[in-house]
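# An overview of the molecular structure
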Amino acid sequence: MKQIQTDFINKLGIGAFAYITISEFCGLFEYIFENVLIITKTEPKMIIWLSGILSLILFTTIVIWGIKKYNKPIEIDTRKTLNSLIYLYFGILITQYLFIYFGTDFLTEKYSAEFEFYHKANKGSLMIRGYLANIPILQFVVFGIILLMKRKTVANTV
């Protein structure tokens, strides 16, 4: 009984840490992509839209790939998998911190004109930022749809 309970808690932790790890990875990718677009002098409104939409597409792709890859009845060591996801999550957080702390200062110093142009041109786009604030909600919707679609296909084959 204790083994089943521990296994359930580990699987719950695997799901939670898999989700937040994927979300944090997509957030890091979005931030790096946004900085690259600023450096390449892309239109500021396009930077906002492209980075947000690309993050959503990357999230969806990783979730679909993960479900397809790990949705087979195989025996996994739940404790080891949970530990790996926790380490990966904190590794991504440390990478985010280091990039924001060191990388942003370096980039704004080296490409100061591009960042200044971006921030000046971006002042009037609060409405767009407001719309893009819904992307995390959209991630939940996409995640739910993927899980429901996968559930129906598994139920139909049984």
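Residues numbered from 1 in each chain as written. Predicted model: local features only at pLDDT ≥ 70, side-chain atom pairs only at ≥ 80, totals over all residues. Heavy atoms only, no water.

Our next topic: the confidence of the model for the protein. Put simply, the protein has an average pLDDT of 84, and 89% of its residues get 70 or more. Note on residues 153-158: pLDDT is under 50 here. Beyond four places in sequence and across chains, it has one contact. (pLDDT = per-residue confidence, 0-100. Contact = heavy atoms within 4.5 Å.)

Along the polypeptide, Y118 turns up in helix α4 (residues 112-121). Relative accessible area serves as the criterion here: at 3%, Y118 is assigned to the buried category. Setting aside residues no more than four positions away along its own chain, Y118 makes contact with E34, I38, P44, I47, I48 and R129. (Helix = DSSP H or I, 4+ residues; strand = E, 2+ residues; numbered from the N terminus. Buried < 20%, exposed > 50% of the residue type's maximum accessible area, 1.4 Å probe, protein only.)

Time to look at the nonpolar core. Formed by 20 residues in total, the largest nonpolar core has its most connected members in I22, F59 and V63. If you list the elements that add at least two residues to this core, you get α1 (2-39), α2 (44-70), α4, α5 (126-132) and α6 (135-157). Broken down by element, the residue count for this core peaks at seven residues, all from α2. Non-local contacts of V63, meaning those with residues more than four positions away in its chain, are made with I22, F143 and I146. (Core = buried A, V, L, I, M, F, W, Y, C linked by side-chain atoms within 4.5 Å.)

Here α2 crosses α4 at 85°, and the two axes come no closer than 9 Å. In terms of orientation, α2 lies roughly perpendicular with respect to α4. Of the residues in α4, those in contact with P44, I47 and I48 of α2 are F117, Y118 and A121. Grouping the amino acids of the contact of α2 with α4 by side-chain chemistry returns six nonpolar, no polar and no charged. (Axes fitted to C-alpha atoms, helices over the stretch in contact; angles between N-to-C directions. Parallel < 35°, antiparallel > 145°, perpendicular 65-115°, else oblique. Nonpolar A, V, L, I, M, F, W, Y, C, P; charged D, E, K, R; others polar.)

Moving on to the packing of aromatic side chains. Applying the stated criterion to the full structure yields ten aromatic pairs. Measuring from ring centre to ring centre gives 6.3 Å for F29 and F33, while their planes differ by 5°; the resulting arrangement is stacked. With F29 and F33 both in helix α1 and four residues apart, the pair spans about one turn of that helix. Overall, F33 belongs to the partly exposed group, its relative accessible area being 23%. On the numbers, 5.7 Å between centres and 85° between planes, the contact of Y31 with F99 is edge-to-face. (Phe/Tyr/Trp six-rings, centres within 6.5 Å; stacked < 30°, edge-to-face > 60°.)

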